[in-house]
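In case you want the letters, here they are:
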Amino acid sequence: GLLSNESVRDSLLLSFTSLVCSAYCDVTMKLSSAGVSLPNDVICNVHGVRQEFLQIGRAEPSASRGDTRGHDKADIYFVGKAVFPKGWAELLRLLEGAGGKLADLRIDGFGSGADFEEICEQAAGLQQKGLARLSVHPEVDHADDSLRSCSVLVNPSTSEILCTVTAEALAMRKRVVLPR
């Protein structure tokens, strides 16, 4: 049919998209100048992290926050959507594979998602076996005050290494542990 021709299909799709943008959008935000022009488009290069993370980094004396022993929070933390492909599977596998060598480290994990309950169960299993002290908590904003005392972000994901969370931690002058 008519839509099996790529150039006709692309032209119709662009026309339809332009019509919808013109009728329903006051402003069309484009993330870069690549691609087609749309009605009322504004290019807004989105990169980096929120200014708030840089301000936190400037306010903190250094990535080493001093002696925080005795407080009730971990020094090491992980922030990620609570689904296994976002680094949780790797974190749990690494902690189990360490065979208890990391049992003295306290790690707080934060996230919400479809695998949250199963991640909590696996973390509790590691604790019961004496392999790790991983506590899993619901999602918090990375700039939240509750994470200020944490000095090391661990991001074990092999697919999300240079993700926003890593950039945010670096902006806050925290140490970051990434896989090779």
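Structural notes, computed from the coordinates. (Residues numbered from 1 in each chain as written. Predicted model: local features only at pLDDT ≥ 70, side-chain atom pairs only at ≥ 80, totals over all residues. Heavy atoms only, no water.)

**With respect to the pairing of strand 3 (residues 76-79)**
Reasoning step 1: Of the two faces of strand 3, both are covered, the one formed by I76 and F78 as well as the one formed by Y77 and V79.
Reasoning step 2: Once the chain exits strand 3 it traverses helix 3 (residues 88-97) before rejoining the sheet at strand 4 (residues 106-110), and the crossover so formed is right-handed.
Reasoning step 3: For strand 3 and strand 6 (residues 152-154), the ladder comprises 2 bridges, and the chain directions are parallel. Looking at the pairing, I76 lines up with V152 of strand 6. (Buried < 20%, exposed > 50% of the residue type's maximum accessible area, 1.4 Å probe, protein only. Helix = DSSP H or I, 4+ residues; strand = E, 2+ residues; numbered from the N terminus. Right-handed = clockwise from strand over helix to strand, strands pointing away. Pairing = 2+ DSSP bridges.)

**A closer look at the nonpolar core**
Reasoning step 1: Among the nonpolar cores identified, the biggest contains 19 residues, and W88, L91, L95, L134 and V136 are the most heavily contacted of them.
Reasoning step 2: When residues no more than four places from it in sequence are discounted, the contact partners of V136 are W88, G109, F116, I119, C120 and A123.
Reasoning step 3: If you look at the next biggest cluster of nonpolar residues, it comprises 14 residues, including V79, A143, C150 and A171. (Core = buried A, V, L, I, M, F, W, Y, C linked by side-chain atoms within 4.5 Å. Contact = heavy atoms within 4.5 Å.)

**What about the pattern of salt bridges?**
Reasoning step 1: Under the criterion given, the structure shown has 4 salt bridges.
Reasoning step 2: Across the pair D141 and R50 runs a salt bridge, and its minimum N-O distance is 3.1 Å. Residue D141 is located in the loop between strand 5 (133-137) and strand 6, and its partner R50 is located in the loop between strand 2 (41-43) and helix 2 (51-59); the two are separated by 91 residues in the primary sequence.
Reasoning step 3: Judged by its relative accessible area of 39%, D141 is partly exposed.
Reasoning step 4: Across the pair R148 and D145 runs a salt bridge whose closest N-O atoms are separated by 3.4 Å.
Reasoning step 5: Residue class for R148 comes out partly exposed when judged on its relative accessible area of 28%.
Reasoning step 6: Salt bridges linked by common partners bring R50, E52 and D141 together as one network. (Salt bridge = Lys/Arg side-chain N within 4 Å of Asp/Glu carboxyl O.)

The values reported here are purely geometric and, on their own, carry no functional implication.
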